[in-house]
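Below are the chains, spelled out letter by letter.
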Amino acid sequence: MTLLMKIIDLRSDTVTVPTPEMRRAMFEAEVGDDVYGEDPSVNQLETEAAALLGKEAALFVPTGTQGNQIAIMSHTSRGQEVIMEAESHVFYYEQGGIAVLSGCQTRPVPGVNGAMDPDRVEAAIRGENIHYPVTGLVCVENTHNRSGGCVVPMENLMAVAEVAHRHGVPVHMDGARVFNAAVAQGRPVAEVVAPVDSVMFCLSKGLAAPVGSMLVGSQAFIDRSRRARKLLGGGMRQAGILAAAGLVSIRSMVDRLAEDHENAQTLARGLNEIAGLRVDLATVQTNMIMFDIDDARWDAESLAGAMTRAGVVCNANGPRRVRLVTHKDVSAADVAEALDRTAQVVKAGPDGKAAGYMY
Ligand code: TLP
């Protein structure tokens, strides 16, 4: 007899698969050629996304990375400097796209749980001097991935945006998970993004659409962004097939993010009780957990590998740090099972065999 082990995939909320409602909407989607502006489903998604975020216009883009890079291209000119948090996705995970695509240089400012000190942002903004590059943009990230999904506090966002705007510098938000930030704070998403000029948010993460992100901002910004998207080869044709799922995401997948946040709390508390693992519970604010490994027998790669072989699929996020992400395809029962398996794996050690599990 073969016993099949359930795989609990906690690598990212990007692994969520579309809901039956999304698949139906995709099957039935009205479509047209979106490069001609004739796809009704894409147009509907862009209209609803702009309204939901309280901005003038929106653009459907294939990925979050492309959305961020288009935003930077649209806000800046070559040779300018872009200020961003030192652990942010645009700085850390986008292959230096800012230099390659926008011809700009980066000015990382260290943050605390993703929040930059507004005074340090102000100090980093260039003054008038013929030797200096011009500061073209400030980027913020909310929620902040590398701090474990922390919410950037509203007062901090407002203070950073106020400083930038006072110096005539626009602000872009990498809001890949901005709906998690909104739900965690119990605020409408429009309020969370009100201080910034443009926002990228992902449909394909916790909101569970198969593909796609949105870029939102002023009409003039979106007009420039539409040209930049075409330049990057991101002008899609009958993209309404994808936008139809995105519409389900923004209409009906937002409120349930609270469940992912509850599951993350349970997971974090459970992990903290496993000898040798440590979670800073104050940083568990949305759907991510970073845990640190104190047990000297393990490093992050070996433990993430052993957990993965035990069906708790996860990634290392540093030499002794592992990241886990909850999402709609992980239930409360899965969380309990993941904790049980993880406890067994850690206890058994890298050379041991945890009873019942193949690794
Ligand atoms: N993040 C992915 C990986 O790239 C790390 C993940 O699994 O978390 N901004 C933020 C804050 C992100 O976390 C991500 C994806 C992106 C942008 C890029 O989105 P995609 O993957 O759609 O290009």
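Residues numbered from 1 in each chain as written. Predicted model: local features only at pLDDT ≥ 70, side-chain atom pairs only at ≥ 80, totals over all residues. Heavy atoms only, no water.

### Here's the deal with the overall build of the protein
Then comes step 1: Looking only at helices and strands, one finds 14 helices and 15 strands in the protein.
Then comes step 2: Counting only C-alpha atoms and orienting by the principal axes, one finds that the protein spans roughly 65 × 55 × 35 Å.
Then comes step 3: Across the 359 residues in the protein, those meeting the buried criterion constitute 57%.
Then comes step 4: Accessible surface, the protein: about 15200 Å² in total, of which carbon and sulfur atoms supply 53%. (Helix = DSSP H or I, 4+ residues; strand = E, 2+ residues; numbered from the N terminus. Buried < 20%, exposed > 50% of the residue type's maximum accessible area, 1.4 Å probe, protein only. Areas by Shrake-Rupley, 256 points an atom, 1.4 Å probe, with all protein chains shown as cover.)

### Points about unusual backbone geometry
Then comes step 1: Residue Thr143 follows Asn142 across a cis peptide bond; omega there is 0°.
Then comes step 2: Within the chain, Ala208 stands out as a residue other than glycine whose phi angle is a positive 75°.
Then comes step 3: Residue position: Ala208 is located in the loop between strand E9 (198-202) and strand E10 (213-217).

### Let's talk about the pattern of salt bridges
Then comes step 1: Per the counting criterion, the structure on display carries 21 salt bridges.
Then comes step 2: Here Arg237 makes a salt bridge to Asp33, at a shortest N to O gap of 3.2 Å. In this pair, Arg237 sits in the loop between helix H10 (219-231) and helix H11 (240-252) while Asp33 sits in the loop between helix H1 (20-28) and helix H2 (40-53), placing the two residues 204 residues apart along the sequence.
Then comes step 3: Classification of Arg237 by relative accessible area gives partly exposed; the value is 37%.
Then comes step 4: Between Arg256 and Glu259 there is a salt bridge, with the nearest N and O atoms lying 3.9 Å from each other.
Then comes step 5: Arg256 gets classed as buried once you look at its relative accessible area, which sits at 16%. (Salt bridge = Lys/Arg side-chain N within 4 Å of Asp/Glu carboxyl O.)

### Describing the sheet that holds strand E14 (residues 315-318)
Then comes step 1: Strand order in the open sheet made by the four strands is E11-E12-E15-E14, with antiparallel pairing throughout. Edge strands, defined here as strands with exactly one partner in the open sheet, are strand E11 (277-279) and E14. Taken over all neighbouring pairs, the strand axes of this sheet differ in orientation by 40° on average, direction set aside.
Then comes step 2: The pairing of strand E12 (residues 288-293) with strand E15 (residues 321-325) spans five bridges and is antiparallel. Across the sheet, residue Met288 finds its bridge partner in E15, namely Val325.
Then comes step 3: Along the sheet, helix H13 (residues 300-309) makes contact with E11, E12, E14 and E15, crossing E14 at roughly 160°. (Pairing = 2+ DSSP bridges. Axes fitted to C-alpha atoms, helices over the stretch in contact; angles between N-to-C directions. Contact = heavy atoms within 4.5 Å.)

### A look at the site of the ligand
Then comes step 1: For the ligand, the set of nearby residues contains 14 residues, the closest of which are Ser12, Gly64, Thr65, Asp174 and Arg177.
Then comes step 2: The separation between an oxygen atom of the ligand and a polar side-chain atom of Ser12 is 2.7 Å.
Then comes step 3: Take Gly64: an N or O atom from its main chain is 2.8 Å from an oxygen atom of the ligand.
Then comes step 4: Protein contact buries 81% of the 510 Å² of open area that the ligand shows by itself.
Then comes step 5: In terms of residues, the shell around the ligand owes the most to one element, helix H3 (residues 64-75), which gives three residues.
Then comes step 6: Of the residues belonging to the shell around the ligand, the class tally is two nonpolar, seven polar and five charged. (Near = heavy atom within 4 Å. Polar contact = N/O pair within 3.5 Å; in protein donor to acceptor, adjacent residues only side chain to side chain. Nonpolar A, V, L, I, M, F, W, Y, C, P; charged D, E, K, R; others polar.)

### Remarks on the state of the cysteines
Then comes step 1: Under the defined criterion, the tally for this structure stands at zero disulfides.
Then comes step 2: As a non-bridged cysteine, Cys202 has Cys139 as the owner of its nearest cysteine sulfur, 14 Å distant.
Then comes step 3: Note on Cys202: relative accessible area 3%, which makes it buried. (Disulfide = S-S within 2.5 Å.)

### Examining the domain arrangement of the protein
Then comes step 1: Domain annotation for the protein reports domain 1 (8-15 + 256-356) and domain 2 (20-252).
Then comes step 2: Taking the mean C-alpha position of each, domain 1 and domain 2 sit 29 Å from one another.
Then comes step 3: Each partner contributes residues to the interface: domain 1 has 17 residues there, and domain 2 has 20 residues.
Then comes step 4: Summing the contributions of domain 1 and of domain 2, the shared interface buries around 1500 Å²; its carbon and sulfur component is 51%.
Then comes step 5: Elements supplying a minimum of two residues to the side of domain 1 that touches domain 2: helix H12 (257-272), E12 and E15. (Domains from an automatic or database assignment. Buried area = accessible area lost by both parts, 1.4 Å probe.)

### Comments concerning the nonpolar core
Then comes step 1: Phe60, Val138, Phe179, Phe201 and Met214 are the most contacted members of the largest nonpolar core, which totals 54 residues.
Then comes step 2: Dropping the residues within four chain positions of it, Val138 is found in contact with Ile83, Met116, Val121, Val160, Ala164, Val169, Pro170, Val171 and His172. (Core = buried A, V, L, I, M, F, W, Y, C linked by side-chain atoms within 4.5 Å.)

### Here's the deal with H10
Then comes step 1: A rise of 1.5 Å per residue sets the reference length of H10, with its 13 residues, at 18 Å; its end C-alpha atoms lie 19 Å apart and thus fit the reference within 8%.
Then comes step 2: Looking only at H10, the buried set comprises Phe221, Ile222, Ser225, Ala228 and Arg229. In a view along the axis of H10, the buried residues occupy a sector of 115°, so they form one face of it. Those residues of H10 that are exposed and aimed more than 90 degrees away from the buried face are Arg227 and Leu231.
Then comes step 3: Looking at the packing, one finds that the buried side of H10 touches H2, strand E2 (57-61), H3, E9 and E10. (Expected span 1.5 Å × (residues − 1). Arc of directions from axis to C-beta.)

### Some words on the packing of aromatic side chains
What characterises a pair of aromatic rings is the spacing of the ring centres plus the angle enclosed by the ring planes.
Then comes step 1: Here the structure, examined in full by the defined rule, presents two aromatic pairs.
Then comes step 2: Taking the centre distance of 5.0 Å and the plane angle of 80° together, the rings of Phe179 and Phe201 count as edge-to-face. In this pair, Phe179 sits in helix H8 (residues 178-185) while Phe201 sits in strand E9, placing the two residues 22 residues apart along the sequence. We note that Phe179, like Phe201, is buried.
Then comes step 3: Over the face of the ring belonging to Tyr132 we find Arg126, whose NZ or CZ atom lies 5.2 Å from the ring centre.
Then comes step 4: Sitting above the plane of the Tyr92 ring, Arg146 keeps its charged end 3.8 Å from the centroid. (Phe/Tyr/Trp six-rings, centres within 6.5 Å; stacked < 30°, edge-to-face > 60°. Lys NZ or Arg CZ within 6 Å of the ring centre and 35° of its normal.)

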